Each structure stands twice: as structure tokens, then as C-alpha cells.
Amino acid sequence: MDTLPALGVGGVHALVGYGTDRAADIRVTMEAADARDDLDLLVWPRTRDISLVRELGLPRIGGCILLDGAIGARTAALSQPYLDDPDNRGILYFTDDEFREFAAECAAANLQLCVHAIGDAAIEQGMKAYEHLSENYDLHALRPRIDHFCLATPQHCARAAALGVASGIQPAFDHFWGGEDGAYAPVLGVRALTANPLRTAVAAGMVVGGGSDAPITPLDPRLGVHAACNHTNREEALRFDEAVRLFTEGSAAIGREEQARGRLAAGYQADFIVMPRETGGGNIQRMPVLATVHRGRVVHEE
Ligand SMILES: [Zn+2]
């Protein structure tokens, strides 16, 4: 937390609830967040214990509640087998019924749910459960999330936009592992080239925010914006203004805070950074953050 204002970060979706005592981890983070006036933490309790979350008074649950695993470990759940492991389609940690039931319990408790899904089969499981929920709930208001969304298809993006399903996505995944020569390619084949579909999600009108999944990739939104503008698949790259919006308006919206922050506008929380000169997708990664203003107060200055 001490390092974040210098990176131009004014708010974080903090996924907590690790170790042997998850409740203690969540409480400690909530207390640390309350004690800071230079940073806002949106605490996501990584637990399936709905009564604990209600006791903590949080309006949201999850974060990386795993529907599946990861591509590198070949545990991301795929509709077609791994290229280099033809008997393997990855792992789903819930059955369809189990996840549908859990999502319904969260909605009944009025909790915004966020889960982790990387493979297309896991994203499909999440979408089906949320489609079922939409029969009884307004998902545009509840805004359940499927984060990562790495191997989402154009149809997944269109269905999510229509339903009101949001996603926290990580452009830096493509930066580190995407493209023909990246780590995804030998494992996924041609599917690697359509991974992390930023442009498709934005064009579909999905509510998407930018993230790092730190410590999986560095928590530095300059890297995230750079990665979004320089996607290895040019068709999935974002313009600079869109990439900035992903990490500002978008990240506010996936926390249901779009009325309070994420824009420089009257009535909004005055959060912004100062850079020394004109920037864009080509140079933002190397651009120093001269000042960070949080809630109208300078919290970092070089
Ligand atoms: Zn995750």
C-alpha cells in the first residue's frame, strides 16, 4: 500500500482472505484500509462464507473464487483439449449446479459476486449461472463479475454485455504471455491469438475494468495501459483514451462506484495524476508520475 501512490494508484480492488484464518486476513485489511487517507481499498473477501461477509458488512463477495485454474498449469477449463496434452481439458472446481446455487445464494444476500474464469469452458459455466440468475434479478444493478475472461469468445462478450455481467481484465497477461511467440501459443495453438479479447469486450459494450492480478503481473497501471494499447493481436488493442478509461471509469464501474469516482467531473472524487508531458500508448510505461492527487489532496509528489 505504501508504494501505490507513487505509481499513480488511488484505488485498488483488494482480493483478500488468505492463510489459515481468512476472516482475520479480511478484517486486518479492512482496518488497514480504513486507516489510510491516501488510498481507497475496495475489499473483496475471498471466501464462500456468505454469513461472514454479511457480518463484515461488505456488499461484495469473492474475487478469485476459482471456477477453473490457469493456462500455464494446464488447469484452465477448455472446451477443446490442450494442444500439447490432448487428453486434458483442464479443471472445473464447481459442478454447474453447485455454482448456480452459490451464485443464487449470493444474489439473494444482495452481494456482488466475483469469480475467476480463464478458459472458455469456465467462462461458459459462469455465464450460464448468471443467465439463470437474470430471470430473477437485475444483473445490470447487481453486476456480477467473471474476472480474467481470457479465452472469452465474441459470443461470451455479447451475452455478458446484454446481461450486465462485468469483468476485471488484465491486459498485462497478453504483454507477458500473448502472441505467436508467447507462452500461451505452444499450449493453446491458434486460441492463443484471440486470448484476452479487450477490443471485443469493449466494442460489445461490456462493463470492463483493468487490473494486474498482482502479484501475477506488477501492480502498475502504466504497464496495464501500455499492454492494452500494444496488444499482440492488433485487432484487440485499445486506443490510448480507451485504455485509460479501462483503468479509471471501468475499474470504478466494476466496483459499482461509477457515480462517485473514475472521471474528472463535477461531483466526482478528485483523483488524478500529473505526468511531465504528453503521453500515449507508446511511452506511458516509462513516464514518471510527478504527482498523485487523491480526494483532492496531494498524496505523492516528486
Ligand atoms: Zn484469478
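Here the structure is a predicted model, which is why all the values come from computation and not from measurement.

K.L.:
Lay out a nonpolar patch on the surface in plain terms, naming residues and giving numbers.
P.N.:
Residues Leu-66, Ile-91 and Tyr-93 make up a contiguous nonpolar surface patch of roughly 240 Å² in combined accessible area. For Leu-66, the position within the fold is in strand S3 (residues 60-66). You can call Leu-66 partly exposed: its relative accessible area is 32%.

K.L.:
Can you lay out the coordination of the zinc ion for me, pointing to particular residues and giving the numbers?
P.N.:
In this structure, Cys-64 (SG), His-116 (ND1) and His-148 (NE2) serve as the protein donors to the zinc ion, at separations of 2.0 to 2.1 Å. On the primary sequence, the residues serving as donors to the zinc ion are separated as C-x51-H-x31-H. Linking Cys-64 in strand S3 with His-148 in strand S5 (residues 145-148), this pair joins segments that are 84 residues apart in sequence.

K.L.:
Please provide a residue-by-residue account of the state of the cysteines, values included.
P.N.:
Here a disulfide denotes a covalent bond joining the sulfur atom of one cysteine to the sulfur atom of another. Overall, the coordinates contain 0 disulfides when judged by the stated rule. Free of any disulfide, Cys-106 has its nearest neighbouring cysteine sulfur in Cys-114, separated by 11 Å.

K.L.:
Please set out helix H3 (residues 96-108) residue by residue, giving values where relevant.
P.N.:
If you check H3, its first and last C-alpha atoms are 18 Å apart, about what 13 residues at 1.5 Å a residue would give, namely 18 Å. Taken together, the buried positions of H3 are Phe-99, Phe-102, Ala-103, Cys-106 and Ala-107. Looking down the long axis of H3, one finds its buried residues gathered within 135° of arc, a one-sided arrangement. Exposed and oriented more than 90 degrees from the buried face of H3 are Asp-97, Glu-101 and Ala-108.

K.L.:
Account for the side chain of Asp-68, with residues named and values stated.
P.N.:
Residue placement: Asp-68 occurs in the loop between S3 and H3. Lacking a salt bridge, the buried Asp-68 has Arg-191 as its closest oppositely charged neighbour, with an N-O distance of 11 Å. Within polar-contact distance, the side chain of Asp-68 engages the backbone nitrogen of Ala-77 at 2.8 Å.

K.L.:
Please provide a residue-by-residue account of unusual backbone geometry, values included.
P.N.:
Following Ala-214, the chain continues to Pro-215 via a peptide bond in cis, the omega torsion being 10°. Even without being a glycine, His-148 presents a positive backbone phi close to 80°. Classification of His-148 by relative accessible area gives buried; the value is 3%. Despite not being glycine, Phe-149 has its phi angle at roughly 55°, a positive value. Within the secondary structure layout, Phe-149 lies in the loop between S5 and helix H6 (154-163).

K.L.:
Before we move on, can you summarise the sheet that holds strand S8 (residues 272-274) with the specific residues and values?
P.N.:
Reading across the sheet, the 3 strands line up as S8-S9-S10 and stay open at both edges, with antiparallel pairing between neighbours. Of all strands in the sheet, those with a lone pairing partner are S8 and strand S10 (297-301), marking the two edges. Pairs of neighbouring strands in the sheet enclose a mean axial angle of 20°, with direction left out of account. In the sheet, strand S9 (residues 291-294) pairs with S10 via 4 bridges, with the strands oriented antiparallel. Paired with His-294 across the bridge in S10 is Arg-297.

K.L.:
Describe the packing of helix H10 (residues 221-229) against helix H11 (residues 240-253), with residues and values.
P.N.:
The relative placement of two packed helices is expressed as an angle between their axes plus a distance between the axes. At a closest axis distance of 9 Å, the pairing of H10 and H11 adopts a crossing angle of 140°. The angle between H10 and H11 places the two elements in the oblique class. Crossing handedness for the pair H10 and H11: right-handed. Counted together, Pro-221, Gly-224, Val-225, Ala-228 and Cys-229 of H10 and Phe-240, Ala-243, Val-244 and Phe-247 of H11 form the full contact between these two elements.

K.L.:
An account of the environment of Arg-263 is needed here, citing residue identities and associated values.
P.N.:
In this fold, Arg-263 is placed in the loop between H11 and S8. A C-alpha to C-alpha distance of 9.8 Å links Arg-263 and Gly-250, two positions 13 residues apart in sequence. If near-sequence neighbours (up to four positions away) are discounted, Arg-263 is found in contact with Glu-249, Tyr-268 and Gln-269. Separated by 3.4 Å, the side chains of Arg-263 and Tyr-268 make a polar contact.

Rules behind the numbers
- Residues numbered from 1 in each chain as written.
- Predicted model: local features only at pLDDT ≥ 70, side-chain atom pairs only at ≥ 80, totals over all residues.
- Heavy atoms only, no water.
- Patch = residues over 30% accessible without salt bridge, like charges linked within 9 Å, V, L, I, M, F, W, Y side chains within 5 Å.
- Areas by Shrake-Rupley, 256 points an atom, 1.4 Å probe, with all protein chains shown as cover.
- Salt bridge = Lys/Arg side-chain N within 4 Å of Asp/Glu carboxyl O.
- Helix = DSSP H or I, 4+ residues; strand = E, 2+ residues; numbered from the N terminus.
- Buried < 20%, exposed > 50% of the residue type's maximum accessible area, 1.4 Å probe, protein only.
- Donors = N, O, S within 2.8 Å, 3.2 Å for Na, K, Ca; no water.
- Disulfide = S-S within 2.5 Å.
- Expected span 1.5 Å × (residues − 1).
- Arc of directions from axis to C-beta.
- Lys, Arg positive; Asp, Glu negative; His and termini not counted.
- Polar contact = N/O pair within 3.5 Å; in protein donor to acceptor, adjacent residues only side chain to side chain.
- Pairing = 2+ DSSP bridges.
- Axes fitted to C-alpha atoms, helices over the stretch in contact; angles between N-to-C directions.
- Parallel < 35°, antiparallel > 145°, perpendicular 65-115°, else oblique.
- Left-handed = near helix turned anticlockwise from the far one by under 90°.
- Contact = heavy atoms within 4.5 Å.

On their own, these measurements won't tell you what the molecule is for.
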